Every structure is written in C-alpha cells, then in structure tokens.
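Per-entry structural report
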Amino acid sequence: MTNEAPLHNHFIRQIVAEDRASGKHGGAVATRFPPEPNGYLHIGHAKSICLNFGIAEEFGGRCNLRFDDTNPTKEDIEYVESIQQDVRWLGFEWNELRHASDYFEVFYRCAEKLIRDGKAFVCDLSAEEVRAYRGTLTEAGRNSPFRDRSVEENLDLLQRMRAGEFPDGARTVRVKIDMSSGNINLRDPAIYRIRHVEHQNTGNAWCIYPMYDYAHCISDAVEGITHSLCTLEFEDHRPLYEWCLREIDLPNHPELVAGLAERGLGAQPSTPQQIEFSRLNLDFTVMSKRKLMTLVEEKLVDGWDDPRMPTLSGVRRRGFPPRAIRLLCERIGVTKQNSVIEFSVLEGCVREELDANAARRLAVIDPLKLVIDNLPEGHGETLTFSNHPKNEAFGTRAVPFSRELWIEREDFMEVPPKGFHRLVPGGEVRLRGVGIVKCERLEKDADGTVTAVHCSLDAETRPGLAGADRKVKGTIHWVSAAHAVAAEIRLYDRLFNVADPDDDSDGKTYRDHLNPDSKRVVQGWVEPAAAGAAAETAFQFERLGFFVADRYDHSAGKPVFNRAVTLRDSWAKAGKG
RNA sequence: UGGGAGAUCGUCUAACGGUAGGACAACGGACUCUGACUCCGUUUAUCUAGGUUCGAAUCCUAGUCUCCCAGCCA
C-alpha cells in the first residue's frame, strides 16, 4: 500500500523507531488490530487499523488481525465476517488471523499458575457483593472473605468451574493485587466469569470465559506483539496489563503455550508494551457502537451500510474511497489529546482523492428542457469528451448530443441575482463541449413555471472553430434528452444537524438531532457512459459532485448513484445558490 | 476529598532550551469550456500566575480547566 501523504513523526512512530534502533524485542516490530466482533467497524476503528497495520508495514514488521472474542453473549459471526471485509477494503492484509478464543487453554493454564503462585483465588461473592467490597473512587475496598483460600481448594474450585458445576455468576476467579489501590482496576479484578453460553468459535467447550484485561495481555504476549496500541480509556489498565505479564511470565514458561503449535498457532512469547492514543471523533457524527446499533435496530437508517453511517461499510457505499480514509488517518496525526475532527477534513480528503482519480461524466439531477431551435429536428452528433481535465491517461469518451437537452434547473433563472453566470432570458452561456447558446424564449405552464428554454446555438463557437475562444461568463452541463438514461440519484447529507450529537446536557439526545434531510432521492438523467459503469465506480458529475454507482442497487439498465460529496461551491457559499 | 491522562490558530497538528511552522476551515484575488481543480495572498494560537535562563510552548512552583476510571463489557 502506498500513502503519499507526508508522514507525521508522531510519538508512537518515535517510540517504535527508538525501540527498533536500540534492539528492544530483538529489533522486531509486531502489532495487532484487536476488534471485538460485536458490531461493524467505523471510521474510528480506521485510525487504529491504519496505525497498527501502518506501523508494522513501515518498520518491516507484522500485524495480526485478532478477534477479541471473550464475551460470547455479545458477539456474532456476522461481525467477524464484516470486519475482515472492511479491513481488506481499507487496503490492509493481516499477517495472521487469530482469535482470543484460540488461547482459551493458555488462559486457563495461566490461571492455574497464578493460583499455584498464590496470586489468584476463586471468589464466591455475588456481583453485588463484589461491588460493595470494591469501595469507591475515594474509599479503599476490602478484601474478599474468600481471598485466603488454600491453593488446593482454589485449584479444585477452578477445575469444577470449568467442568460446569456452578451456575452463571456463582463464582469468579480474581487476581490478588491491592484492594486499597487508587486505581480501581487493581482492586483484585476478576479474570474469569461463568457463562453457560455457546461460543461462536469454541462451541460448548467452555462455560468459563476470561475477562478482557486478562485475555488481552496474554494474547499479545502469545503472538509476540511488541507494541500493543490502544485508546486512552485503557491507560488505567496498563498497570494491570503489566502485572499480568510479569506474574505469568510467558517467555519463561513455554509449558503454558504448549499445544498451540500443533494447532498451527505459532507462539513466540514477548513482553509487549501498551501505548495509548486518542480516539478519532468526528463532529456531526456519533461513533459509539451502542448508538450505531440503535440507529440500525430502530431503522433510523437503512442498515449498517447506510451511506450516512460512519461505518466503513457505510462510507464505502457512500463512495468514500479507502485511500481517502487512509489519508484522513494520516492527516489527523496521533497524539494523546482528546480531539474532534471537523467533518470538512474528511470531505476534503474525499475530494482530494476523487478529484485526482474519478473520471468526469455529465448528469442532470433536476432537469429542465433546453431546445436548440436552430438545429434541425432529429439532429444528432457524437461528441468526444476528455474523461479528466488534468490527466490524459483517463482517455476520452463519446457523448451523444442532439437538439433537445436536459440542463440543471438551477442553471436557468428568469430573474437572476447579481453575479449569476448562467442562463438568463436573452443571455448567453456555454454548453459544456458544445458551444455558446443564447436564450431566445421560454415555455411556461399554467402556474408560470418555466417548462422549457429555447435557445439558438452560435455555430461559430463549436469546439475547434475560431469562435470557440469567445469568452462567456458561464459554462453549464447538460445531457441529451433522447440518449440520457434515467437514474435514481441519492443525495446524502450529514446524519445529524448539530456538531455534537452526543451532548445531552440540554436534555436532548442524538435521536433528537437527526437531520430529516440527510437523504433525498431524486430521479435524474445520466449520460450513457455513466449508466453502464460497474457498481462502485466513482465519477465526478461535472459541477455537481462526486458520485458512486451503488454497490448493490446499480445496474446499467437501472442506474443508481449515491452522492459522496458535493463539489466545493463558492457561488452557493456566497448565499447565491 | 482517590487514581490516571491532557491543555498551542476556528479544527487537527509541529516544535524535544534558540525565528511559534504546517494542514483543514474562513476570507480576498488570479486562472478557468466544471462558480471545480490549481496558484497567490490575508486573518487567527502557546490555559493562568510566578520563577530559572542571554533566551521558555518546552525546565521549576502553584493554580485553573477538560477527559477517563467504581461491568462477572471491551
């Protein structure tokens, strides 16, 4: 994968570069992207994906995709499939695909070791009791009355937990750290809980499942991860991450990972370093899985891949190219500061990418008939248009032209404001690639609405002729009415109409801020060379914006285009459009 | 009143004791057969108060503000 954006020398790059230079981890660099398969990936994940895969790639290391599937009550195979597809779509390929559940036996042996070492115990306290014993932010907690069970009893109980002798919630395994720690994560956290639930990967082999903090650090170590990159909210967990790795000491206890190799799961245990960075947030967007899930379940959007969703499958369907997402992730940098990226930065990345890489086409989304009266009835020609104004490699295409055209309704005004460069009664405008036409007369319906404009074409201004250079203030786009293909055009706008939909301090929630105009479907006309495009082909419809042929609904006979983003429009911005 | 982290243009982000720079946004202009692209220009920032130093965004002291943590979630 290439990334032409200038690289930030951000703090994680610096740490990795220094570690490699100093020979830490034998100079190896290994990262992982560890999603929990309980939802679809979104742009926030893209930052982590680009960082983890990007760092590995830059430093000649490796990056695994690892499903953090330690909680079968929330996870689903649908998500593990979508996640793989999204990572690949973004442009990355993992070194190995792993699951935390691949290591369930390792976790279990580690728990036995901790018990034997007197570092863990089986606790019979209920969830409510544990909460009461934990203390508060300002008060120390108290030791569990089960904390001093003998090693033998603990080992027996652990084995019986695994054997399924106890109901859900009856017992947990907890590590012994410090119930008076100011860091609540260190107050004898649970590492195992009982859940008589089938697991999407291990079936009914287990009824005890490890907790995140415990499973994650061991998984990292097993995979030989050197730099374990995660988001800021795990900062407080780092002491626990380090405690587990230190007490378990995987690199010096190969018996704990025995059996993995036979299953094709190579293990070269490391002592990884956890490094935290801030999440990517976008304004006018919600990014929490819970809220995205609600939008889908309550049908406030048309599914996980609705083009208005910040999911990767959503932005894909919207027409945002993967390179634009990668550009965004590089452009925003990596720091530990909480931040909110303006949506315009994302749009800028999309425009930059598509301007360079999308072929141009003509399309009209709000049609008004234009008749060239001085062309004979039935007149037809085929014009040659270049596909890209600045890149000849895009080649040319044939565009049919005839006497009756569709133009954009907003490109004609009977009573124009000052500065209007388009068509007005008696005025002239250039028809893109055709020549200069003059508006001679109008047709109107009973309401006075203009139904057609009649023009005369100045034959001297056809391309290639001397008169073609004559200056006229505006150029408008068009399609031939007889040849254009009717198309469904989906015009998308931001899903929320406030910058911070998560802010509920005024009693309103994100649901109250949904933009009712976030999706508009119109019938328009596209030139034949657009209609026949393959699904997911992106075009610039000249003067309108960047559009993509819908991934699922588009066909040559029944074209469907989604608007990814408009063109920057200084006329509209001036309040004139 | 506990623990952890962070404060630099509107928004991101650089600087690692030596000219506060870049990107995006905004605004103005040039160019233009896309009111796009491109190009040029302009505006705007070191949380506060002290201190150290020839020199402080950077070091020290004291504050202020913001974010995260009391799941048998991740």
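As recorded in an unreviewed UniProt entry, chain A goes by Glutamine--tRNA ligase and comes from Tahibacter harae. The heading Sequence similarities (unreviewed entry) in the UniProt record of chain A holds the text "Belongs to the class-I aminoacyl-tRNA synthetase family." Quoted straight from UniProt, the Subunit (unreviewed entry) entry for chain A says "Monomer."

Secondary structure summary: chain A contains 14 helices and 25 strands in total. Judged by the C-alpha coordinates and their principal axes, chain A covers about 100 × 50 × 40 Å. Taken across its 577 residues, chain A has 53% of its residues classed as buried. For chain A, the share of sequence-separated contacts (at least 6 apart) that also reach a separation of at least 24 residues comes to 71%. Here chain A has roughly 24,900 Å² of accessible surface; of this, 47% comes from carbon and sulfur atoms. The positive charge centre, built from 75 side chains, and the negative charge centre, built from 89, are 3 Å apart in chain A.

A separate point is the protein's contact with RNA strand B. Taken together, the neighbourhood of RNA strand B is formed by 65 residues, with Thr335, Lys390, Arg422, Gln540 and Arg568 sitting nearest. Each atom of RNA strand B within 4 Å of the protein was assigned to sugar, phosphate or base; sugar and phosphate come to 66%. One of the backbone N or O atoms of isoleucine 332 is found 2.9 Å from a sugar or linking oxygen in RNA strand B. Within the side chain of arginine 422, a nitrogen or oxygen atom sits 2.4 Å from a base nitrogen of RNA strand B.

Turning to the confidence of the model for chain A, a few remarks are in order. Regions with low pLDDT should not have their predicted coordinates read in detail. Looking at chain A, pLDDT values average 96 and 99% of them are 70 or higher. Reported confidences for the modelled complex are a pTM of 0.97 and an ipTM of 0.96.

In this section: the packing of aromatic side chains. Under the definition given, this model contains 21 aromatic pairs. Ring plane angle 55 degrees and centroid distance 5.9 Å describe the contact between tyrosine 108 and tryptophan 206, whose orientation is recorded as tilted. In this pair, tyrosine 108 is assigned in helix α4 (residues 104-116) and tryptophan 206 in the loop between β6 (190-194) and β7 (208-210), connecting sequence segments 98 residues apart. A single burial state applies to tyrosine 108 and to tryptophan 206, both of which are buried. Judged by centre distance (4.6 Å) and plane angle (25 degrees), the rings of phenylalanine 541 and phenylalanine 547 are stacked. Across this residue pair, the class does not change: phenylalanine 541 and phenylalanine 547 are buried. By the ring-pair criterion, three or more aromatic residues cluster together here, those being Tyr103, Phe104, Phe107, Tyr108, Tyr192, Trp206, Tyr209 and Tyr214. Sitting over the face of the ring of tyrosine 133, arginine 142 holds its NZ or CZ atom 4.2 Å from the ring centroid. Looking at arginine 162, its charged tip hangs above the ring of tyrosine 108, at a distance of 4.5 Å from the centre.

Turning next to the sheet that holds strand β17 (residues 435-444). Taken in spatial order, the seven strands of this open sheet run β19-β16-β17-β18-β12-β15-β20, and their pairing is mixed. A strand with exactly one partner marks an edge of an open sheet, and here the two such strands are β19 (475-476) and β20 (478-480). Taken together, the two bridges between strand β16 (residues 428-431) and β19 define a ladder with parallel strand orientation. Bridge assignment links leucine 431 to a residue of β19, and that residue is isoleucine 476.

Now for the packing of α4 against helix α7 (residues 212-222). Taken N-terminus to C-terminus, the directions of α4 and α7 make an angle of 110 degrees; their axes are 10 Å apart at the nearest point. One element, α4, and the other, α7, form an angle in the roughly perpendicular class. Across from Val106, Phe107, Cys110, Ala111 and Leu114 in α4, the residues of α7 making contact are Tyr214, Ala215, Ile218, Ser219 and Val222.

Feature annotation in UniProt places "domain: Glutamyl/glutaminyl-tRNA synthetase class Ib catalytic" (unreviewed entry) on residues 29-253 and 271-355, given in this structure's numbering. Secondary structure across residues 29-253 divides into 38% helix and 15% strand, with the first and last C-alpha atoms of the span separated by 22 Å. Split by type, residues 271-355 is 46% helix and 6% strand. Its first and last C-alpha atoms lie 45 Å apart.

Rules used throughout
Residues numbered from 1 in each chain as written. Chains lettered and ligands numbered in written order. Predicted model: local features only at pLDDT ≥ 70, side-chain atom pairs only at ≥ 80, totals over all residues. Heavy atoms only, no water. UniProt positions renumbered as here; feature names shortened; annotations may be inferred. Helix = DSSP H or I, 4+ residues; strand = E, 2+ residues; numbered from the N terminus. Buried < 20%, exposed > 50% of the residue type's maximum accessible area, 1.4 Å probe, protein only. Contact = heavy atoms within 4.5 Å. Areas by Shrake-Rupley, 256 points an atom, 1.4 Å probe, with all protein chains shown as cover. Lys, Arg positive; Asp, Glu negative; His and termini not counted. Charge placed at Lys NZ, Arg CZ, Asp CG, Glu CD. Near = heavy atom within 4 Å. Polar contact = N/O pair within 3.5 Å; in protein donor to acceptor, adjacent residues only side chain to side chain. pLDDT = per-residue confidence, 0-100. Phe/Tyr/Trp six-rings, centres within 6.5 Å; stacked < 30°, edge-to-face > 60°. Lys NZ or Arg CZ within 6 Å of the ring centre and 35° of its normal. Pairing = 2+ DSSP bridges. Axes fitted to C-alpha atoms, helices over the stretch in contact; angles between N-to-C directions. Parallel < 35°, antiparallel > 145°, perpendicular 65-115°, else oblique.

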